Amino acid sequence: MAFKIAMLFGVAIESVFLYQEKSSMQNLLEKLTNFTQWLPKGEKFTFEAIKAIAYAQQRAVLLGEKEVQPLHILSGLLNQPTTITARLLQENGLAIDLEDSSSEETSKVDKFSPESKYVLELALNAARLKQSKYIDTEHLLLGLIQLTQLGNSDLLDFWQTNGVNLEALTRQVQELNN
């Protein structure tokens, strides 16, 4: 019967079957594709960098923001305590914020502010300059520092309020990448 229907409509026999159960791997790949749709095409982020950005998206929702801001990305970097970036930030006087990190299925903001997109571009450029195959949390931090140096007042206020020496932090991050 399926063969006759396929012949009648001129389609492959597989398309006659209306419903086919997706495997768990197909569902996982679909979720991953939806999550990474905003990433620069062809570029790879480390797992830690993806987790930091996902936390930034969750943080934006928690704060009632419609866009992910650079400070949300910084919060995401601080929320990855096992990374070198979090250790550097901690050594420079910033506290690790682990609140709300346990909820994996909270809603996320998919829109990034122009400044946040620029941070991602700067991170990509930093990774390319170091001929790295992956964009890591250190590259994201370098992007945030460079955005501050270009005059982002919110980040500058944050660094100054917390007593972070940007020159020393920049030097430490660049030493990691050498």
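Per chain, residue numbering runs from 1 following the sequence as it is written. Thresholds applied to this predicted model are a pLDDT of at least 70 for local features of residues and 80 or more for the giving and counting of side-chain atom pairs; totals over whole chains, interfaces and linings are not thresholded and use all residues. Values reported for side chains reflect all heavy atoms of the structure, with hydrogen atoms and water molecules removed beforehand.

A word on the confidence of the model for the protein
Regions with low pLDDT carry predicted coordinates that are not meant to be interpreted in detail.
So, point 1. You can read pLDDT as the predictor saying how much it trusts each residue, on a scale of 0 to 100. Per-chain confidence: the protein averages 79 in pLDDT, with 69% of residues scoring 70 or above.
So, point 2. Within the protein, helix 4 (residues 70-78) carries the highest mean pLDDT (93), whereas helix 2 (residues 24-35) carries the lowest (59). In DSSP terms, a helix is any run of H or I states spanning at least four residues, a strand is any run of E spanning at least two, and both are numbered starting from the N terminus.

Quick look at the packing of aromatic side chains
So, point 1. Centres within 6.5 Å are what make two rings of Phe, Tyr or Trp a pair, Trp counting through its six-membered ring; a difference in plane orientation under 30 degrees is then read as stacked, over 60 as edge-to-face, and the rest as tilted. Enumeration according to the criterion identifies 1 aromatic pair in this entry.
So, point 2. Taking the centre distance of 5.9 Å and the plane angle of 70° together, the rings of Phe158 and Trp159 count as edge-to-face.
So, point 3. For each residue, the accessible area found with a 1.4 Å probe, counting protein chains only, is set against the maximum for its type, and the residue is called buried under 20%, exposed over 50%, and partly exposed in between. Note on Phe158: relative accessible area 24%, which makes it partly exposed.

A closer look at the pattern of salt bridges
So, point 1. A pairing counts as a salt bridge when a side-chain nitrogen of Lys or Arg comes within 4 Å of a carboxyl oxygen of Asp or Glu. For the structure on display, the rule yields 2 salt bridges.
So, point 2. Note that Glu67 is salt-bridged to Lys111, the shortest N-O span being 3.6 Å. Of this pair, Glu67 sits in the loop between helix 3 (47-62) and helix 4 while Lys111 sits in the loop between helix 5 (84-91) and helix 6 (114-129), and the two are 44 residues apart along the sequence.
So, point 3. Between Arg87 and Glu91 there is a salt bridge; the shortest N-O distance is 2.8 Å. Of the two residues, Arg87 and Glu91 are both situated in helix 5; the distance of 4 residues between them amounts to about one turn of the helix.
So, point 4. On the accessibility criterion, Arg87 (38% relative accessible area) is partly exposed.

Some words on helix 8 (residues 153-161)
So, point 1. In the analysis that follows, any N or O atom pair within 3.5 Å is treated as a polar contact, provided that within protein one partner can donate a hydrogen and the other can accept it, and provided that, for residues neighboring in sequence, both atoms belong to side chains. With a side-chain oxygen positioned 3.2 Å from the backbone nitrogen of Asp154, the residue opening helix 8 is Asn152.
So, point 2. Downstream of helix 8 by a residue or two, Gly163 has a phi angle that is positive, lying close to 65°.

Some thoughts on the nonpolar core
So, point 1. Take the buried residues of types Ala, Val, Leu, Ile, Met, Phe, Trp, Tyr and Cys, join any two whose side-chain atoms come within 4.5 Å, and each joined set is a nonpolar core. Ranked by size, the top nonpolar core spans 35 residues in total, and within it Leu89, Leu140, Leu141, Trp159 and Leu169 carry the most contacts.
So, point 2. Listed by contribution, the elements that provide at least two residues to this core are helix 3, helix 4, helix 5, helix 6, helix 7 (137-149), helix 8 and helix 9 (166-176).
So, point 3. When near neighbours in sequence (up to four residues on either side) are disregarded, Trp159 contacts Leu74, Leu89, Leu94, Leu141, Thr148, Val164, Leu166 and Leu169. By definition, residues are in contact when any of their heavy atoms lie within 4.5 Å.

Description of unusual backbone geometry
So, point 1. For Gln131, which is not glycine, the phi dihedral falls at a positive 55°.
So, point 2. Within the secondary structure, Gln131 sits in the loop between helix 6 and helix 7.
So, point 3. For Gln131, a relative accessible area of 72% gives the class exposed.

Structural notes on the environment of Val109
So, point 1. Mapped onto the elements of the fold, Val109 is located in the loop between helix 5 and helix 6.
So, point 2. When its relative accessible area of 8% is taken as the criterion, Val109 is described as buried.
So, point 3. Once the C-alpha coordinates of Val109 and Glu65 are considered, the two residues, 44 residues apart in sequence, prove to be 8.0 Å apart.
So, point 4. The contacts of Val109, once residues within four sequence positions are left out, are Gln57, Ala60, Val61, Glu65, Lys66, Glu67 and Val68.

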